[in-house]
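Okay, here's what each chain looks like letter by letter:
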Amino acid sequence: MSEKSAYEHLKKLDPEADQVVARYPQSGSALLPLLHLVQSEEGYVSPAGIEYCADKLGLSTAEVSAVSTFYTMYKRRPVGDYHVGVCTNTLCAVMGGDAIFATLKEHLGVGNDETTEDGKVTLEHIECNAACDFAPVMTVNWEFMDDMNPDKAVRVVDELRAGKEVHSTRGPALCTFKQAERILAGFEDTRPGAVAGGGAAGHATLAGLLVSQGRTPTGPAVTTEASE
C-alpha cells in the first residue's frame, strides 16, 4: 500500500479520532491516545500514521515523529498478533529473565524485536515494568505474566500460536495487539472480568506489609527452577 493510499485508509478512523480529541481542552494533548488508535489499525505507527495524527491535531510531522519515537510502546515496524516483552533489567535478569529471553529466542527462531514467520509473536526485551515483586515478569500485549520461568514462557507462546485462550496471571484473557491498542486509546475494555478484577495488590506486593505487622505472608510457595 502506498503512503498516500495508507493515509486515505486511516481516514476511516476519523469518527473515533474525533472522540479522542474531544476529551481534551487542547487538541495536542490527544496525541498519545491517538497514536495508540493508529496502532490499533496498522499494528505500528507508519509515516502515514504520523501524517494522519499531525493533520488531526494541527501539529507538524516532526513533532509527532519526535513523540512516537521517544516512547517504546509506539512501534516503527508492524507487530505480530502478540507482543511478548521479557524484562531483562537487573532484578528480573538475575531471577531468570535472561534465561527466559534466551529460551524464547531459540524456541521462536527470532531475535530481539523480530516477529515469527507466521506473524503471531513479536519478541522484545523490555525495560523495567515496576513489577519486581513478581520477578521475573514478561508481558503479552502489555498484560502481566508474573513469576515466569523458561518452561512457562514457552507454554504461553505455544498456546497463543495455537489459537488457545490464554489469561494474564492477573486475570484477563489476552487479546491481540491491535485490540489492546484500541483499549489503550481509551475505548471500552469488553473482555469478561478485565474491569471487574479491580487491580488489587497481589500476594508478593503485600508480603512486606504482612511481615511488618507480624503476620505470616500468604500466597504461592517460592519455587526455583532447581526445585521444580
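Note: the structure precedes this text.
Procedures and definitions
Residues numbered from 1 in each chain as written. Predicted model: local features only at pLDDT ≥ 70, side-chain atom pairs only at ≥ 80, totals over all residues. Heavy atoms only, no water. Helix = DSSP H or I, 4+ residues; strand = E, 2+ residues; numbered from the N terminus. Buried < 20%, exposed > 50% of the residue type's maximum accessible area, 1.4 Å probe, protein only. Contact = heavy atoms within 4.5 Å. Areas by Shrake-Rupley, 256 points an atom, 1.4 Å probe, with all protein chains shown as cover. Lys, Arg positive; Asp, Glu negative; His and termini not counted. Charge placed at Lys NZ, Arg CZ, Asp CG, Glu CD. Disulfide = S-S within 2.5 Å. Patch = residues over 30% accessible without salt bridge, like charges linked within 9 Å, V, L, I, M, F, W, Y side chains within 5 Å. Salt bridge = Lys/Arg side-chain N within 4 Å of Asp/Glu carboxyl O.

1. Here we look at the overall build of the protein chain
Inference 1: Looking only at helices and strands, one finds 9 helices and 5 strands in the protein chain.
Inference 2: In the protein chain, the order of α-helices and β-strands from amino to carboxyl end is α-α-α-α-α-β-α-β-β-β-β-α-α-α.
Inference 3: Across its three principal directions, the C-alpha atoms of the protein chain cover 60 × 40 × 30 Å.
Inference 4: Within the span of the protein chain, comprising 228 residues, buried residues form 42% of the whole.
Inference 5: When contacts within the protein chain are restricted to residue pairs at least 6 apart in sequence, those whose partners lie at least 24 apart make up 61%.
Inference 6: By element, 53% of the accessible surface of the protein chain is carried by carbon and sulfur atoms, the whole surface being about 12200 Å².
Inference 7: Averaged over its 19 positive side-chain charges, the protein chain has a centre that lies 3 Å from the centre of its 32 negative ones.

2. Topic: the state of the cysteines
Inference 1: Applying the stated criterion across every chain yields a total of 0 disulfides.
Inference 2: C128 forms no disulfide, and the closest cysteine sulfur to it belongs to C132, at a distance of 4.3 Å.
Inference 3: Relative accessible area serves as the criterion here: at 44%, C128 is assigned to the partly exposed category.

3. Focus: a nonpolar patch on the surface
Inference 1: Taken together, the side chains of L32, F70 and Y71 make up a nonpolar region of the molecular surface, amounting to roughly 320 Å² of accessible area.
Inference 2: Relative to the helices and strands, F70 is located in helix α5 (residues 61-70).
Inference 3: What makes F70 exposed here is its relative accessible area of 62%.

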